[in-house]
Amino acid sequence: MPSIPTYHSIVKKNIVTGFRGVDDHDYAALADHFAPDLRHRFAGQHALGGQRHDAVAVLAWLERVGRVLPDLTFAITDVTVAGWPHDTTVVARWNAHATLADSGEPYRNRGVHVVRLRWFAIVDMDVHLDTDVLRSALERQAAAGIDEATATPITS
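Just so it is clear, the structure is predicted and the values come from calculations on it, not from any experiment.

**Q** Could you give an account of the overall build of the protein, naming the residues involved and the relevant values?
**A** On a plain count of helices and strands, the protein comes out with 4 helices and 6 strands. Mapped from its N terminus to its C terminus, the protein presents α and β elements in the order α-α-β-β-α-β-β-β-β-α. Scaling as 2.2 N^0.38, a compact globule of 156 residues should have a C-alpha radius of gyration of about 15 Å, and the protein matches this with 16 Å. For the protein, the spread of C-alpha atoms along the three principal axes comes to 50 × 30 × 25 Å. By the burial criterion, 42% of the 156 residues in the protein qualify as buried. At a minimum sequence separation of 6, the contacts of the protein that also span at least 24 residues come to 57%. Surface summary for the protein: the accessible area is close to 7800 Å², and the carbon and sulfur share equals 55%. The distance from the centre of the 15 positive side-chain charges to the centre of the 19 negative ones in the protein is 6 Å.

As structure tokens, this is what we get:
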């Protein structure tokens, strides 16, 4: 087994790679790291909000993110890893960027993921960001013809 500092470095690299997978719409590769019964919570009352309780629903949610904000990218500002391989907590802070379809104006938001891992598998994920900024962007995307931007949240 690697030392704890080495393990933490591997986890940090995997988290950053996971965000790159979202940027690249490579959701299936990211889903390979989900525990079958993971819990995923995203703050707010909007098309991306709510809770999901299995890997299939989280994959469907990620695919929706890609459709409603197709050029979404993340700039990771900080990743903190704590714990052992059987119970690891990760806090990843980020800045999100996309282009709004109605005007070409930028969408910008800041947030944090709090993730729990067991043996490298994601078992729990909370996403926090400025939901007012996101809700406004989703409404603008819907007004520009991306109807799913105001759809009922995907929950399971």
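Having seen the structure, we can now continue with the description.
**Q** Please set out the environment of Ala-55 residue by residue, giving values where relevant.
**A** Note on placement: Ala-55 falls in helix 3 (residues 55-68). Classification of Ala-55 by relative accessible area gives buried; the value is 18%. Separated by 20 residues in the primary sequence, Ala-55 and Ala-35 place their C-alpha atoms 6.7 Å from one another. Leaving out residues up to four positions away in the same chain, Ala-55 has contacts with Phe-34, Ala-35, Pro-36 and Leu-38.

About the thresholds
Residues numbered from 1 in each chain as written. Predicted model: local features only at pLDDT ≥ 70, side-chain atom pairs only at ≥ 80, totals over all residues. Heavy atoms only, no water. Helix = DSSP H or I, 4+ residues; strand = E, 2+ residues; numbered from the N terminus. Rg over C-alpha atoms; globule rule 2.2 N^0.38 Å. Buried < 20%, exposed > 50% of the residue type's maximum accessible area, 1.4 Å probe, protein only. Contact = heavy atoms within 4.5 Å. Areas by Shrake-Rupley, 256 points an atom, 1.4 Å probe, with all protein chains shown as cover. Lys, Arg positive; Asp, Glu negative; His and termini not counted. Charge placed at Lys NZ, Arg CZ, Asp CG, Glu CD.

In short, the description is geometric, and any link to function would need to be established separately.
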